[in-house]
Amino acid sequence: MVRHRAFRDPSVLLGAIRDLIPAHTYFSTAYYQEPTAAMEEKGWKGADLVFDIDADHLDTPCKPSHDKWKCKACGTVGNGGAPRICPKCKNDRMEEQTWLCDQCLRQAKEETTKLLEILYSDLGVEPSNLRIFFSGHRGYHVHVYSTQLQVMGEEERREIASYVLGQALDPQLHELNEVNVGGVKVIEGPQLGQPGWRGRMVEGIYDVLSEEGERLGLSPAQVKTIKTQDRDEFFKRPFWSSVKGFGLSTWKNLSVKAVDRRSAKIDTVVTTDVHRLIRLPGTLNGHTGLLTMQVPRERLDEFDPFRDSLAFHGEMRVRVKDAPQFRLAERQFGPYLNEEVELPSYAAMLLLCKRRAEPVI
Amino acid sequence: MLTKADLAKYPFLSEASEYVRELGLSIEELSAPEFSPVLDRAEGRLEEALSKGRVSGNITNENAEILSFPISNLILSLVGEERARRRFALAESKRAYELLRQEDPEKLEYIASTTFMWKLKRLDVKLGKRFYDFALSLPNFLHNSVHLREPRWNLPNRVLDHGFVYITRDEAARLMEEEVRTKILERSGRTPDEVPRLLGSRVERARGLVVKWLGLPTKYELPRVPLPEAMPPCVRHLIDSLDEGKNVQHMGRFTLASFLLNIGTGEEDVVRLFKPATDFSERMTRYQVEHIGGKRGGRTKYTCPMCSTLKTHGVCYKPDEICETIRNPLSYYKSKSRTLTNKGPKREPN
Ligand code: SF4
Ligand SMILES: [Zn+2]
Ligand SMILES: [Zn+2]
């Protein structure tokens with residue numbers, strides 16, 4: 001690994017990349033007095049606030065069909081995302097075999113959209129002070145450039161991460177409470193349109209109620225009432241006391257679910273780290289051969305990572321060991337098993353990078 | 001905006017320092033008999049802080065109140081005892097809080113924005129039953145709130161609106177208490193070039209007070225731990241609390257002692273760590289530490305309590321992402337030291 005390098009201008013950097021031909025290129029989100037000095041002597045001045053949303057940390061239903069894990073200690077294997085600790089030997093070192101998947105990336109994009117909304121309206125980040133990047137693999141990065149936030153330490157960043165995740169949010173501290181109004185017990189709580197998590201919690205409750213009502217123990221009639229209600233109308237009324245059979249504890253549970261629904265599933269470790277290395281936009285991701293690239297804000301909706309980040313042209317012959325089905329550009333590929341195929345270079349590169357194939361010379 | 005009475009209440013204000021500077025007094029001049037109330041109050045502040053952890057907010061002599069504060073700080077910096085500095089800063093900041101919470105919003109706003117450089121907006125908002133007087137910029141809020149433990153200070157439990165956190169008047173005073181604390185810590189940490197002769201005896205007396213209330217000076221501020229950066233948040237917090245002279249309950253002490261002994265800290269170091277505690281008894285502590293370490297009694301070395309136990313006893317403190325993967329503070333230490341000594345991220349960034 002080549003580390004602690006600094007470059008005066010982009011052309012020098014480009015020259016170095018051409019010399020080294022690295023599989024992965026990272027830059028530090030931190031600003032240093034002496035970027036090339038040893039870690040302790042660099043003189044930390046600040047770091048951009050970064051968020052990482054990655055399918056690795058998302059709970060998508062498709063994972064068991066395309067991801068596998070193996071415990072490095074005892075060899076236990078399983079399908080889907082790796083558990084934090086091995087169920088058999090409690091070790092936390094896992095080896096993962098992941099695959100690119102449309103559904104996972106759609107979910108990652110949705111989380112990114114939720115994150116952006118929180119950044120704009122709660123943290124007050126100006127859209128012009130933020131950039132969105134596709135990681136070239138399974139997720140998105142959001143970088144916030146702000147001199148005010150740059151100097152924050154780990155603990156402050158941890159608070160921001162928990163805010164975005166709605167972690168340990170206590171609805172009662174947002175004043176969801178039972179109060180006594182002239183001898184009648186009434187439930188009061190946040191209202192739609194209030195700032196921050198107060199309003200967002202209420203919006204989330206609507207989602208949860210209309211999508212999961214039956215599972216939550218609502219009667220079909222209650223579910224129907226909610227679904228046919230105009231959302232804004234319903235929430236204008238003192239709705240906390242308007243659903244029969246819903247007590248404080250039910251509402252509390254619902255609120256926690258609502259917050260989870262509306263929170264953005266970022267990776268806390270990345271946001272908290274003030275010396276983070278993050279993929280350099282414009283370089284290839286060595287896990288896939290796809291481009292790490294900026295996605296303009298207004299194009300996030302239509303951005304298709306499997307079409308817009310392809311870097312290679314031409315055709316290539318490879319010998320594929322095994323690979324599940326996948327899509328790149330508008331084409332479906334695979335599944336393959338022990339066969340030699342001629343593929344567009346971008347697809348061949350993906351298989352090579354994922355070590356699912358070998359070049360045929 | 002501020003009267004002399006205000007400066008007496010809040011001698012840490014920039015205006016108060018300015019006032020003192022304009023008087024142009026040298027330390028030597030303070031030896032004049034008419035200034036003895038100043039020196040006595042300076043010593044009084046220290047003694048109150050060290051003995052009770054509080055400095056009284058009663059003001060009988062405004063001048064003495066204003067002038068004594070920088071002198072207390074000067075004496076402290078000459079004593080050079082970290083534990084005493086922390087304790088003094090805490091006591092003085094508590095005093096400030098008690099006074100600040102009684103002020104009207106205009107004065108709070110003035111002090112916050114001139115002395116602490118807060119970006120603060122006046123608010124007139126009622127959400128639910130709570131009335132918010134201010135909205136404080138997020139970085140200013142976090143800078144102070146991260147030191148506060150109750151769940152209501154955690155950001156997810158706050159109202160955050162376009163980069164500003166809504167706070168009540170009392171909360172503004174509480175956050176300012178934190179500012180005062182750090183400001184005083186920083187101030188008493190500056191080393192003056194020379195010891196003014198007049199203060200020599202006062203400094204010696206202050207040293208005596210420190211020993212009387214906090215025990216003998218320690219050689220190390222922190223116990224010698226193989227990898228201090230790998231300690232879990234709960235353990236760090238326990239050490240900080242002891243350092244600041246806060247009272248730590250039995251479960252906390254037991255956790256700290258068993259944790260440190262298990263990762264190989266010497267018993268002497270552990271005993272010494274407990275010294276700043278207000279009710280420190282060397283013999284008792286030594287006995288307990290040796291007991292936990294397995295030297296006494298059944299010779300079973302105690303292991304550290306599980307996180308679940310620590311959570312119910314309120315010892316768990318701001319668990320972080322590593323905490324989610326472990327069930328005992330010792331495993332936290334093991335896991336983090338591994339990452340730290342591996343140099344570099346455990347998993348490659350994506
Ligand atoms: S989770 Fe365990 S290790 Fe982490 S802070 Fe709580 S008690 Fe300490
Ligand atoms: Zn295992
Ligand atoms: Zn998937």
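Residues numbered from 1 in each chain as written. Chains lettered and ligands numbered in written order. Predicted model: local features only at pLDDT ≥ 70, side-chain atom pairs only at ≥ 80, totals over all residues. Heavy atoms only, no water.

What follows is about the domain arrangement of chain A. Residue and element names in this part refer to chain A. Taken domain by domain, chain A comprises domain 1 (10–58 + 101–166 + 265–299), domain 2 (171–262) and domain 3 (312–361). Here the C-alpha centre of domain 2 lies 35 Å away from the C-alpha centre of domain 1. Between domain 1 and domain 2, the contact holds nine residues from the first and seven residues from the second. Where domain 1 abuts domain 2, roughly 610 Å² becomes buried across the two surfaces, and 40% of that area is made up of carbon and sulfur atoms. When residues of domain 1 are sorted by the area they lose upon contact with domain 2, Lys114, Tyr163 and Lys265 head the list and together hold 49% of the total. Counting every contact that joins domain 1 to domain 2 gives three salt bridges. A salt bridge links aspartate 260 to lysine 265; its shortest N-O distance comes to 3.9 Å. Along the contact surface separating domain 1 from domain 2 lie five residue pairs in polar contact (both at pLDDT 80 or more). Put simply, the parts of the chain that give the side of domain 1 that touches domain 2 at least two residues each are helix H3 (102–121) and helix H5 (154–165). (Domains from an automatic or database assignment. Contact = heavy atoms within 4.5 Å. Buried area = accessible area lost by both parts, 1.4 Å probe. Salt bridge = Lys/Arg side-chain N within 4 Å of Asp/Glu carboxyl O. Polar contact = N/O pair within 3.5 Å; in protein donor to acceptor, adjacent residues only side chain to side chain. Helix = DSSP H or I, 4+ residues; strand = E, 2+ residues; numbered from the N terminus.)

Time to look at the layout of surface pockets. Residues and elements named next belong to chain B. Roughly 770 Å³ of volume is contained in the second largest pocket. Elements that contribute at least two residues to the lining of the second largest pocket include exactly helix H2 (14–23), helix H4 (62–79) and helix H8 (169–189). Among the elements that take part in the lining of the second largest pocket, H4 stands out by supplying eight residues, more than any other. Among the residues making up the lining of the second largest pocket, the classes are represented as 16 nonpolar, eight polar and six charged. (1 Å grid on protein atoms, 1.4 Å probe; cavity = no way out; pocket = protein on both sides within 12 Å on 5 of 7 lines; lining within 4 Å. Points joined across faces, edges and corners; volume = space filled by probe spheres on them. Nonpolar A, V, L, I, M, F, W, Y, C, P; charged D, E, K, R; others polar.)

So, on to the pairing of strand E5 (residues 68–71) of chain A. All names here are of chain A. Every second residue of E5 is oriented toward a common face, the buried set being Trp69 and Cys71 and the non-buried set Lys68 and Lys70. By the bridge criterion, three bridges tie E5 to strand E6 (residues 77–79) in an arrangement that is antiparallel. Bridge pairing links lysine 70 to valine 77 in E6. Where E5 and strand E7 (residues 94–97) come together, four bridges link them in antiparallel fashion. Following the sheet pairing, cysteine 71 is matched in E7 by methionine 94. (Buried < 20%, exposed > 50% of the residue type's maximum accessible area, 1.4 Å probe, protein only. Pairing = 2+ DSSP bridges.)

Before going further, it helps to examine the sheet that holds strand E9 (residues 139–144) of chain A. Residue and element names in this part refer to chain A. Pairing within the open sheet is antiparallel, and its four strands lie in the order E4-E9-E8-E15. Each edge of the open sheet carries a strand with a single partner, namely strand E4 (49–54) and strand E15 (293–294). Of the strand pairs in this sheet, E4 and E9 are connected by six bridges, and their pairing is antiparallel. Paired with leucine 49 across the two strands is valine 144, which belongs to E9.

We now examine the packing of aromatic side chains. Residues and elements named next belong to chain A. Summed over the entire model, instances satisfying the criterion amount to 15 aromatic pairs over all chains. Seen from their ring centres, phenylalanine 134 and tyrosine 140 are 5.8 Å apart, and the 55 degrees between their planes marks the pair as tilted. As far as burial versus exposure is concerned, phenylalanine 134 and tyrosine 140 are alike and both buried. Three or more aromatic residues joined by ring pairs form one cluster here, namely Trp99, Phe326, Phe333 and Tyr346. A cation over a ring is seen here: lysine 42 above tyrosine 32, with NZ or CZ 5.5 Å from the ring centre. (Phe/Tyr/Trp six-rings, centres within 6.5 Å; stacked < 30°, edge-to-face > 60°. Lys NZ or Arg CZ within 6 Å of the ring centre and 35° of its normal.)

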